[in-house]
Each structure stands twice: as structure tokens, then as C-alpha cells.
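Inside the fold
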Amino acid sequence: MNFLLDNWILVLAALTSGGLLLWPTLVNSSQGTALSPAEAVRLMNREKAVLIDVCEPAEFAAAHVAGARNIPLDALEGHKSLPSNKALPLVVLCKSGARSQRAVATLRKLGYANAQALAGGLNGWREANLPIEKNA
């Protein structure tokens, strides 16, 4: 006990340092970070995740991930292509990843607790050299 009282500055510095090291982990777990393309593929293969592409129909027609359902961001609420099982994991993507974050928030309000955005969107999928369907 005397050591702690005599060296309170060192103890405070150690606790502060530990807290700063843990801070990014605590913040990322509460915000629900985006999935990497590899994690998305794992979810699709092991847990039958559903891919939801929130791009506009013209963007979707130009290029999209194989097997993705196109549900534009504006038409997301109450769309008939959303799975009826709200426990299924959903991987939400768009061209760059910006719209997908908003779509995840909307889907969570609708009761889809397992909705996650794909980091980098379609561009991130391409960078990972994963297959894309293109309409000519």
C-alpha cells in the first residue's frame, strides 16, 4: 500500500496508458465496424448471409456482386426482397460504402440486428479480387 501511495504518479500513468490502449477496441465494438470482404465471404459461406446492394438500379446493372439483391436505399423500408427471417446476417454494400452505413442503420431500425456494411463497398470487393457480374 505504501508503494502505491509513494508512487501515485507512476500508478496514474500506468492506468492512463492502459486505458488509452483499450479505447480503440471499446469504441469499435460499440459502433459495429464494417466487414472486410473476407469476413463477408465467410458469413456468406458459413451463415448463409444475404447480400443487399443499395445502389441505384443503373449502378447495379453496370456491375454488382454475384448473388446480391438490389434494393435502392430510398426503397429499403418495407421492400419485398428483404428476407422475412430477421435473424439472418445481412451484408449491405454500395459502390463505395457510404450509403451502406446509412442502410445498416435503417435495417437495424426495421429489426435486422445482424446487418453489417461491407468495408469499401463494391470498390473494396474489387480490390480483394473477388468476382463481380457485369451486364454488357
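Residues numbered from 1 in each chain as written. Predicted model: local features only at pLDDT ≥ 70, side-chain atom pairs only at ≥ 80, totals over all residues. Heavy atoms only, no water.

Here we come to the overall build of the protein. When helices and strands are tallied, the protein shows six helices and six strands. The order of helices and strands in the protein, counted from the N terminus, is α-α-α-β-α-β-β-β-α-β-α-β. For 136 residues, the compact-globule estimate of 2.2 N^0.38 gives 14 Å, and the protein exceeds it by more than 25% at 20 Å. With respect to the principal axes defined by its C-alpha atoms, the protein has extents near 75 × 30 × 30 Å. Burial status across the protein gives 31% buried among its 136 residues. At a minimum sequence separation of 6, the contacts of the protein that also span at least 24 residues come to 65%. (Helix = DSSP H or I, 4+ residues; strand = E, 2+ residues; numbered from the N terminus. Rg over C-alpha atoms; globule rule 2.2 N^0.38 Å. Buried < 20%, exposed > 50% of the residue type's maximum accessible area, 1.4 Å probe, protein only. Contact = heavy atoms within 4.5 Å.)

Turning next to the pairing of strand E1 (residues 50-53). The alternating pattern of E1 places Val50 and Ile52 on one face and Leu51 and Asp53 on the opposite face, and all of these are buried. Of the pairings in the sheet, the one linking E1 to strand E4 (residues 90-93) comprises four bridges and is parallel in character. The residue bridging Asp53 from the neighbouring strand is Leu93, located in E4. Pairing of E1 with strand E3 (residues 69-70), which is carried by two bridges, proceeds in the parallel orientation. (Pairing = 2+ DSSP bridges.)

The subject of this paragraph is the side chain of His64. On the secondary structure map, His64 appears in strand E2 (residues 64-65). Residue classification places His64 among the buried residues on the basis of a relative accessible area of 6%. At 2.8 Å, the side chain of His64 and the backbone oxygen of Phe60 are in polar contact. Sequence-distant contacts of His64, defined by excluding residues within four places in its chain, comprise Asp53, Leu122, Ile132, Glu133 and Asn135. (Polar contact = N/O pair within 3.5 Å; in protein donor to acceptor, adjacent residues only side chain to side chain.)

Residue placement: Ala40 occurs in helix H3 (residues 37-47). In this structure Ala40 touches Leu35, Val91, Leu118 and Trp125, once residues within four positions along its chain are discounted.

Attention shifts here to the packing of aromatic side chains. Going through the model one piece at a time under the given rule, you end up with zero aromatic pairs. Looking at Lys86, its charged tip hangs above the ring of Tyr112, at a distance of 5.4 Å from the centre. (Phe/Tyr/Trp six-rings, centres within 6.5 Å; stacked < 30°, edge-to-face > 60°. Lys NZ or Arg CZ within 6 Å of the ring centre and 35° of its normal.)

In this section: the pairing of E4. The two faces of E4 match: Leu90 and Val92 on one face and Val91 and Leu93 on the other face are all buried. Inspection of the sheet shows E4 paired to strand E5 (residues 115-117) by three bridges, in the parallel sense. If you follow Val91 over to E5, its bridge partner there is Gln116. Since E4 and E5 lie parallel, the crossover through helix H5 (residues 98-109) that links them has a hand, and here it is right-handed. (Right-handed = clockwise from strand over helix to strand, strands pointing away.)

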